[in-house]
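# Fold and contact review
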Amino acid sequence: MIGLKGRHPKAPASLESLSKPTAKALLARAKNIPIPIFKEQDFPNYWGRHKHHFIRPQYNGKCAYCETPIVSGSPGDVEHFRPKAYCQSLGPAKSRDDYGGQPPGRVNAGPATEGYWWLAYKWSNYLLCCNRCNSSWKKNQFPVAANRSRHGQKLSAEGALLINPFVVDPEPHFQFDAVTGQIRGLTPRGVATIDVCGLDRRSLEIQRATKGAKLNKRYREYLGALDQGNVLAQNNAMRALIDECRSKEPFAAVARYFVKQHLKISYYDLLEMKRKRLI
Ligand SMILES: [Zn+2]
C-alpha cells in the first residue's frame, strides 16, 4: 500500500444517490426504533459503472490495498471503504493461503451491526481494489478503535483502524522483508489493515519476494559500482532502484521500504536528487 493523498479521481458531474435505504433509516431514527441492518442487495450497484474513473494513470492501475495490478483479465472492484449495508467482524483465518478462493476457516465473529448506509453513494467512500482483497478478505469488516460513528456524527471520531491510502500515509505503518516478501504491521492500524485485507496472504508474499529479488540485484549492482568507483554504473543502478519505487509499479511500497532501509534515504529525497541531476 502506498500513499495516494490528493489522487482520488474527481467525482463525475452527476452521481447517483438512492433514497430508499436512507429514507428507511431516517424514518427508523425519527421513530426512535433501531436502524435496520441492510442487505447488500438493498443498494443497487451504481458505483460499478464508475470504475473507469479509477482505472486511469493517476490511480496507477493497482489495487489500493495490496498494489496488485488491476488488469483487463481481472478488472477489480469499486469497493466501499466503509461498508454500506452492515459491519461484520470476522475471526482469524486458519492459514494465509487463499489459493482456494476464500480465506481458510474465516467465520463471522459476533452479529452484524449497522453499516454506513449514508455513504453507499458517497464518492469519497469508493476505492478501486482487487477482487481478492475486497470479496475474499475484507468483506464487511471495518474495525474501529473507539465507538463506531453513526449518521450525523464525525467519522474521524471513531478511530478507523483500516488505512485509507487516500487519507493516511501508509508508510509508517508497515515494514517488509524483501527476501521472504513478508509484511509486518508496525502500528495497530498497520496490523489491522494487514488482517482485514489479508495483506500477509501467501500469494502476495510470493509476488513481493519476486520484487525483492529484483531490488536486491539492483542494490548489489550499486554496491559493485561503488566499490569500483564507477560513478556512471552507480547512478544507473540508483536510477533503476528509483524506478522500482514509482507509484505505478506493482508493490512500490516494498521498493520504498527497501531503499530507505539500505540507502538510508527516502524515495522522495532520491527523486529530488534525480531532479537536480545529482544522480
Ligand atoms: Zn488487493
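The rules we used
Residues numbered from 1 in each chain as written. Predicted model: local features only at pLDDT ≥ 70, side-chain atom pairs only at ≥ 80, totals over all residues. Heavy atoms only, no water. Salt bridge = Lys/Arg side-chain N within 4 Å of Asp/Glu carboxyl O. Helix = DSSP H or I, 4+ residues; strand = E, 2+ residues; numbered from the N terminus. Buried < 20%, exposed > 50% of the residue type's maximum accessible area, 1.4 Å probe, protein only. Domains from an automatic or database assignment. Contact = heavy atoms within 4.5 Å. Buried area = accessible area lost by both parts, 1.4 Å probe. Axes fitted to C-alpha atoms, helices over the stretch in contact; angles between N-to-C directions. Parallel < 35°, antiparallel > 145°, perpendicular 65-115°, else oblique. Nonpolar A, V, L, I, M, F, W, Y, C, P; charged D, E, K, R; others polar. Phe/Tyr/Trp six-rings, centres within 6.5 Å; stacked < 30°, edge-to-face > 60°. Lys NZ or Arg CZ within 6 Å of the ring centre and 35° of its normal.

By the naming in an unreviewed UniProt entry, the chain is HNH endonuclease, taken from Pseudomonas veronii.

With that settled, consider the pattern of salt bridges. Side-chain pairs of opposite charge can arise where the charged atoms are in close proximity. Throughout the structure, instances matching the rule amount to 19 salt bridges. Note that R106 and D195 form a salt bridge whose closest N and O atoms lie 3.0 Å from each other. You can see R106 sitting in the loop between β2 (86–87) and β3 (113–114) and its partner D195 sitting in helix α4 (residues 188–197), a full 89 residues away along the chain. Take R106: its relative accessible area is 11%, and that puts it in the buried class. Relative accessible area serves as the criterion here: at 30%, D195 is assigned to the partly exposed category.

Looking now at the domain arrangement of the chain. Segmentation of the chain into domains returns domain 1 (1–152) and domain 2 (170–279). Each of domain 1 and domain 2 has a C-alpha centre, and the two are 29 Å apart. Contact with domain 1, which involves 23 residues of that partner, is made by 24 residues of domain 2. Taken over both partners, the interface formed by domain 1 and domain 2 buries close to 2000 Å², and the fraction arising from carbon and sulfur atoms is 60%.

For the pair helix α6 (residues 231–244) and helix α7 (residues 252–263), the least separation of the axes is 8 Å and the interaxial angle reads 140 degrees. Viewed along their axes, α6 and α7 adopt a mutual orientation that is oblique. Along the contact surface, α6 presents M238, L241 and E244, while α7 presents A252, A255, F258, V259 and L263. Broken down by class, the residue content of the contact of α6 with α7 amounts to 7 nonpolar, no polar and 1 charged.

What the rule picks out here adds up to 13 aromatic pairs. Judged by centre distance (5.6 Å) and plane angle (50 degrees), the ring pair of Y116 and W118 falls under tilted. Joined through ring pairs, the aromatic side chains of Y46, W47, Y121, W123 and Y126 make up one cluster. Across from the ring centre of Y116, 5.7 Å away, lies the NZ or CZ of R82, which sits over that ring.

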